[in-house]
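The primary structure of each chain is shown beneath.
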2 protein chains.
Amino acid sequence: MAKTSVWRSIANALTAEIAAGHYRPGDKLPTEAELASRFGVNRHTVRRALQDMQEQGLTHARRGAGVFVLAEPTDYPIGKRVRFHQNLEAAGRMPAKRILTLQTRPCDKEEAGALQIAAGTPVHVYEGLSLADNIAIAIFRSVFSAERFPGLLGDLDHMKSVTRALAAAGVKDYTRASTRLTAKLATATQALHLNVAEGAPILRTVGINVDPDGCPVEYGHTWFVGDRITLVVEG
Amino acid sequence: MAKTSVWRSIANALTAEIAAGHYRPGDKLPTEAELASRFGVNRHTVRRALQDMQEQGLTHARRGAGVFVLAEPTDYPIGKRVRFHQNLEAAGRMPAKRILTLQTRPCDKEEAGALQIAAGTPVHVYEGLSLADNIAIAIFRSVFSAERFPGLLGDLDHMKSVTRALAAAGVKDYTRASTRLTAKLATATQALHLNVAEGAPILRTVGINVDPDGCPVEYGHTWFVGDRITLVVEG
DNA sequence: AGCTATTTGTCCGTATGTATG
DNA sequence: ACATACATACGGACAAATAGC
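Please read these numbers as outputs of a predicted model, since none were measured by experiment.

(A) Main features of the overall build of chain A. Across its full length, chain A holds seven helices and eleven strands. Within chain A, contacts between residues at least 6 apart in sequence are counted, and of these 55% link residues at least 24 apart.

Structure follows, in structure tokens:
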């Protein structure tokens, strides 16, 4: 059990209050002095917490004015002409893959919506690390319907390939229906696995793969190390 | 001219020394106390600089051991099957565009290589801000050959559209030949324009647009606000 | 316009905790 | 066990930008 520092717990408390809607985007947070008084700490301890939140893009400080909550992230549609067909296995450049977790659990609402299944339905979750030249390149998480693919977990375990495991389950081909790209900052857990600093730039892709009938088969997240990686896309 | 703080100049000095190869990846930097003595500042001022470098993924501190230089960034090719056809004008969702700079200057080596022209050849540089709902979405920079498009600057100025300006110059259609995606951290200038915190996550795309003959016509960079937007790509 | 109080930014100094070697 | 080195927290002081009068 890691003892959490005071500034980190303050950052968590303020983040939770923003998430709960206590402070809305555009709102001004209490002054550093007020927060220091409220939490019973020195102003610098509050500053450290606010700095952390600012690095995560949650807040923004304006000297002389105050600390303000930034706007909620909004999606930005590029349009139908945009195509981003991503298939890491097809790249032929994935020398190593390390399995972090393989488990079956009830899906949450987001996963249910992506896979078009009922919430709470069991799903297989495959989390792992992609390495190239023994350097961590990305963390990925793939979610599949456990009802549709009963034996997928065992196939993934020894095949270590989503494509081949799906092929064994009868899905000969699948295509990327949609991909969303965002830049994020590395969390502590991600930083640990990817061997980067906490707060390092991360390129996150969220995608849905569908079979030839258009039925979703995989809901995948990938977190690439931003500064260590450039996705080179040739059309 | 903005007065740079002491910790920032220290961070710049150390970053330059790493870039110059004075410290190689894996090397241990001098201790905070030694650096404080060398720069004639308090240890906390050095810490602020080291923290900034760590956030950028340049260094990593291990308590009790020291501060170490991380590995150099490397490119990561995905492969030829990957397609990412991006055209912001085709999205139909770019309500506002603000011109930051319009100028003609000699191109550098990188631009020369991308546009397949000789180094030092004059190029038109179009820098601007993309806004949606009066919120800054991205900074872009487009570079064109000035010899091939003599009157482009004026067209860009009043059309405010790359597509229409190129059409006026005889390029009826152009396609994205390649795009490279990277996650970055916002620089001070970018943070200012995009109204985000310095160090906020930035999604950078670097692309080359070619005419139907395959000849490069535009070399473009775009810096999206990572947390404020998600690139939604539908295939 | 100026002026003033407020608020964040920077820098210093000190002390103590915690992990490393 | 010990010295070293980074992590955290406290305190004070002044500068710089902002907001309100």
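(B) Inspection of the packing of aromatic side chains at higher detail. Residues and elements named next belong to chain A. By the definition in use, this model includes two aromatic pairs over all chains. An angle of 75 degrees between the planes, with centres 5.1 Å apart, marks the rings of Tyr 126 and Phe 140 as edge-to-face. Taken together, the positions of Tyr 126 in strand β6 (residues 122-132) and Phe 140 in strand β7 (residues 135-145) put the pair 14 residues apart, joining distant regions of the chain. The two residues Tyr 126 and Phe 140 agree in class, both being buried. For the cation-ring pair, Arg 48 lies above Trp 7, with the distance from its terminal atom to the ring centre recorded as 4.0 Å.

(C) Up close: the packing of helix α1 (residues 6-19) of chain B against helix α2 (residues 32-39) of chain B. Residue and element names in this part refer to chain B. Contact geometry for α1 and α2: axes closest at 12 Å, N-to-C directions at 110 degrees. In terms of orientation, α1 lies roughly perpendicular with respect to α2. Every residue of α2 that contacts α1 at Ile 10, Ala 13, Leu 14 and Glu 17 is listed here: Leu 35, Arg 38 and Phe 39. Of the residues assigned to the contact of α1 with α2, the class counts are five nonpolar, no polar and two charged.

(D) Broad picture of the protein's contact with DNA strand C. Near DNA strand C there are 24 residues, and of these B:Val6, B:Trp7, B:His44, B:Thr45 and B:Arg62 occur at the shortest range. Here the atoms of DNA strand C within 4 Å of the protein split so that 71% fall in sugar or phosphate, with bases taking the remainder. Contact distances for DNA strand C include 3.5 Å between a base nitrogen and a side-chain N or O atom of A:His44. Here a base oxygen of DNA strand C sits 3.2 Å away from a polar atom, N or O, in the main chain of A:Gly64. Among the elements that line the surface near DNA strand C, the one with the most residues is helix α3 (residues 43-55) of chain A, at three residues. Across the surface near DNA strand C, the residue classes tally to seven nonpolar, nine polar and eight charged.

(E) Examining the protein's contact with DNA strand D more closely. Within the structure, DNA strand D sits among 25 residues, and A:Val6, A:Trp7, A:His44, A:Thr45 and A:Arg62 are positioned closest to it. Sugar and phosphate atoms constitute 70% of the interface atoms of DNA strand D, taking the interface as everything within 4 Å of the protein. A distance of 2.2 Å separates a phosphate oxygen of DNA strand D from a polar side-chain atom of A:Thr45. Breaking the surface near DNA strand D down by element, the ones donating at least two residues are α1 (6-19) and α3 of chain A together with α3 (43-55), β1 (59-62) and β2 (66-69) of chain B. For the surface near DNA strand D, the residue count by class is seven nonpolar, nine polar and nine charged.

(F) Summary view of the pairing of strand β9 (residues 201-210) of chain B. Residue and element names in this part refer to chain B. In terms of burial, β9 is largely enclosed, as ten of its ten residues are buried. Here β9 shows no split at all, with Pro 201, Leu 203, Thr 205, Gly 207 and Asn 209 on one side and Ile 202, Arg 204, Val 206, Ile 208 and Val 210 on the other all buried. The sheet contact formed by β9 and strand β10 (residues 216-225) spans nine bridges and is antiparallel. Within β10, the position partnered with Ile 202 by the bridge is Val 225. Joining the antiparallel neighbours β9 and β10 is a turn of five residues, in which Gly 214 adopts a positive phi near 90 degrees.

(G) Region of the structure containing the pattern of salt bridges. Residue and element names in this part refer to chain B. Per the stated rule, a full pass over the model turns up eleven salt bridges over all chains. A salt bridge links Arg 47 to Glu 32; the nearest nitrogen and oxygen atoms lie 2.9 Å apart. In this pair, Arg 47 sits in helix α3 while Glu 32 sits in helix α2, placing the two residues 15 residues apart along the sequence. Across the pair Glu 111 and Arg 105 runs a salt bridge, and its minimum N-O distance is 3.0 Å. Among the residues examined, Arg 105 registers a relative accessible area of 24% and is labelled partly exposed.

(H) Expanded view of unusual backbone geometry. Residue and element names in this part refer to chain A. In this structure, Gln 116 is a non-glycine residue whose phi angle is positive, near 55 degrees. Residue position: Gln 116 is located in the loop between α4 (109-115) and β6. Residue classification places Gln 116 among the exposed positions, given a relative accessible area of 60%.

(I) Just the side chain of B:Thr121, in detail. Residue and element names in this part refer to chain B. With respect to the helices, strands and loops of the structure, Thr 121 is situated in the loop between α4 (109-115) and β6 (122-132). At 2.6 Å, the side chain of Thr 121 forms a polar contact with the backbone oxygen of Ala 118. Ignoring sequence-local partners within four residues, the contact set of Thr 121 consists of Arg 105, Pro 106, Cys 107 and Glu 147.

(J) Local environment of helix α2 (residues 32-39) of chain A. Residue and element names in this part refer to chain A. Within α2, burial applies to Glu 32, Leu 35 and Ala 36. Viewed end-on, α2 has its buried residues packed into an arc of 100 degrees, placing them on one side of the element. For α2, exposure combined with an orientation more than 90 degrees from the buried face picks out Ala 33 and Ser 37. Where the residues of α2 are buried, they touch α1 and α3. In the stretch just after α2, Gly 40 is the one whose phi turns positive, near 70 degrees.

(K) Representation of helix α5 (residues 152-159) of chain A in the model. Residues and elements named next belong to chain A. Turning to α5, its buried residues number three or more, namely Leu 152, Leu 153, Asp 155 and Leu 156. All buried residues of α5 project into a common sector of 165 degrees when viewed along the axis, lining one side. Lys 160 sits one or two positions beyond α5 and adopts a positive phi of about 55 degrees.

(L) Region of the structure containing the pairing of strand β2 (residues 66-69) of chain A. All names here are of chain A. Here four bridges tie strand β1 (residues 59-62) to β2, and the two strands are oriented antiparallel to one another. From the neighbouring strand, Arg 62 faces β2, where its bridge partner is Gly 66. Two successive antiparallel strands, β1 and β2, enclose a turn made up of three residues, where Gly 64 displays a positive phi of approximately 85 degrees.

Basis of the calculations
- Residues numbered from 1 in each chain as written.
- Chains lettered and ligands numbered in written order.
- Predicted model: local features only at pLDDT ≥ 70, side-chain atom pairs only at ≥ 80, totals over all residues.
- Heavy atoms only, no water.
- Helix = DSSP H or I, 4+ residues; strand = E, 2+ residues; numbered from the N terminus.
- Contact = heavy atoms within 4.5 Å.
- Phe/Tyr/Trp six-rings, centres within 6.5 Å; stacked < 30°, edge-to-face > 60°.
- Buried < 20%, exposed > 50% of the residue type's maximum accessible area, 1.4 Å probe, protein only.
- Lys NZ or Arg CZ within 6 Å of the ring centre and 35° of its normal.
- Axes fitted to C-alpha atoms, helices over the stretch in contact; angles between N-to-C directions.
- Parallel < 35°, antiparallel > 145°, perpendicular 65-115°, else oblique.
- Nonpolar A, V, L, I, M, F, W, Y, C, P; charged D, E, K, R; others polar.
- Near = heavy atom within 4 Å.
- Polar contact = N/O pair within 3.5 Å; in protein donor to acceptor, adjacent residues only side chain to side chain.
- Pairing = 2+ DSSP bridges.
- Salt bridge = Lys/Arg side-chain N within 4 Å of Asp/Glu carboxyl O.
- Arc of directions from axis to C-beta.

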